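So the chains spell out like this:
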Amino acid sequence: EIVMGLVVLNRAKAVELKQDEVDLWNRPIAIHRELFEEAEDDTGRDEIKATLNGYRMEKRLDQYEHQIAKYGLYHSAGWLTGSYLWNIMNALQCSNYFSDNEPRVPARAALLSAIPALGLGQLYNGSFTKAGMIWTIQTMLVYQAYNYNRLMSSALEGRKEAQSTTELNGYEAVWIGRYNEVFRKRNMFLWYAIFFYFYGIFDATVDAHLHDYRHKIQLEPMIDATVETVGMKVRVDF
């Protein structure tokens, strides 16, 4: 958690630096806007407008980078919070206060686990540590996929703006690259989320089957005095 806390602080500093880079464009944009309004001929206006649009697009790119840094901060803070909650759940598990060997219904555990991001199947089985893990991983994977989807929308808007302005056509390829990058990451986290969703169901079902294994599987010594042998007897109840 200390390491994650340092990562969060570092990401917060990165967000501030990116915001400073965005703010640096305010003055040249304001100056060229005034020059555009004061220009007396169309030729001068066109040149100033081209420069002004270029500044605006560069600011938009920096705003996009600021958005990436901001989401990175949110992701780090989310994982830190999840780690903290997981430690609490793990402490409850290690206390053995809620432990029991009573049988569980596997179908019920599976149905509860089918509700995403809550770890209800694991809680039903008394596996608090795993429940905390399910909460953290499933929630954060979906949240990260959602934020990358928002970045995709921002990249599409930037591309449309570049397409609609003649002097910004060269920026279209830049926005396409930004879009493709976050598109791959969005899909990657979606696949991870789907995998861990089904993992949660499978894990809860198996744990429910094995929850009362001490009653189902018994290991007993076996002594036969007639032949002077000593062995072990295993009894398994299905």
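Residues numbered from 1 in each chain as written. Predicted model: local features only at pLDDT ≥ 70, side-chain atom pairs only at ≥ 80, totals over all residues. Heavy atoms only, no water.

Let us now look at a nonpolar patch on the surface. A cluster of nonpolar side chains, namely Tyr84, Leu85, Ile88, Leu92, Tyr97 and Phe98, defines an oily patch on the protein surface of about 630 Å² accessible area. As for its position among the elements, Leu92 is in helix 3 (residues 42–95). (Patch = residues over 30% accessible without salt bridge, like charges linked within 9 Å, V, L, I, M, F, W, Y side chains within 5 Å. Areas by Shrake-Rupley, 256 points an atom, 1.4 Å probe, with all protein chains shown as cover. Salt bridge = Lys/Arg side-chain N within 4 Å of Asp/Glu carboxyl O. Helix = DSSP H or I, 4+ residues; strand = E, 2+ residues; numbered from the N terminus.)

Let us look at the nonpolar core. Formed by 18 residues in total, the largest nonpolar core has its most connected members in Met57, Tyr64, Leu151, Ala162, Tyr171, Trp175 and Val182. Only helix 3, helix 6 (128–164) and helix 7 (172–210) provide two or more residues apiece to this core. If you tally residues by element for this core, the top one is helix 6, at eight residues. Residues in contact with Met57, not counting those within four places in the same chain, are Gly158, Glu161, Ala162, Leu168, Tyr171 and Trp175. (Core = buried A, V, L, I, M, F, W, Y, C linked by side-chain atoms within 4.5 Å. Buried < 20%, exposed > 50% of the residue type's maximum accessible area, 1.4 Å probe, protein only. Contact = heavy atoms within 4.5 Å.)

On the secondary structure map, Ala14 appears in helix 1 (residues 2–23). Residue class for Ala14 comes out partly exposed when judged on its relative accessible area of 29%. As for Ala14 and His66, which are separated by 52 residues in sequence, their C-alpha atoms are 8.4 Å apart.

To characterise two packed helices, one gives the angle between the axes of the helices and the distance between these axes. Axis separation between helix 2 (residues 26–38) and helix 3 bottoms out at 9 Å; the angle between their running directions is 160°. When the axis of helix 2 is compared with that of helix 3, the two are roughly antiparallel. Handedness of the helix 2/helix 3 crossing: left-handed. The segment helix 2 lies against helix 3, with Asn26, Pro28, Ile29, His32, Arg33, Leu35, Phe36 and Glu37 engaging Arg45, Ile48, Lys49, Thr51, Leu52, Tyr55, Arg56 and Lys59. For the contact of helix 2 with helix 3, the residue count by class is seven nonpolar, three polar and six charged. (Axes fitted to C-alpha atoms, helices over the stretch in contact; angles between N-to-C directions. Parallel < 35°, antiparallel > 145°, perpendicular 65-115°, else oblique. Left-handed = near helix turned anticlockwise from the far one by under 90°. Nonpolar A, V, L, I, M, F, W, Y, C, P; charged D, E, K, R; others polar.)

So, to be careful, I would describe these as geometric facts and stop short of saying anything about function.
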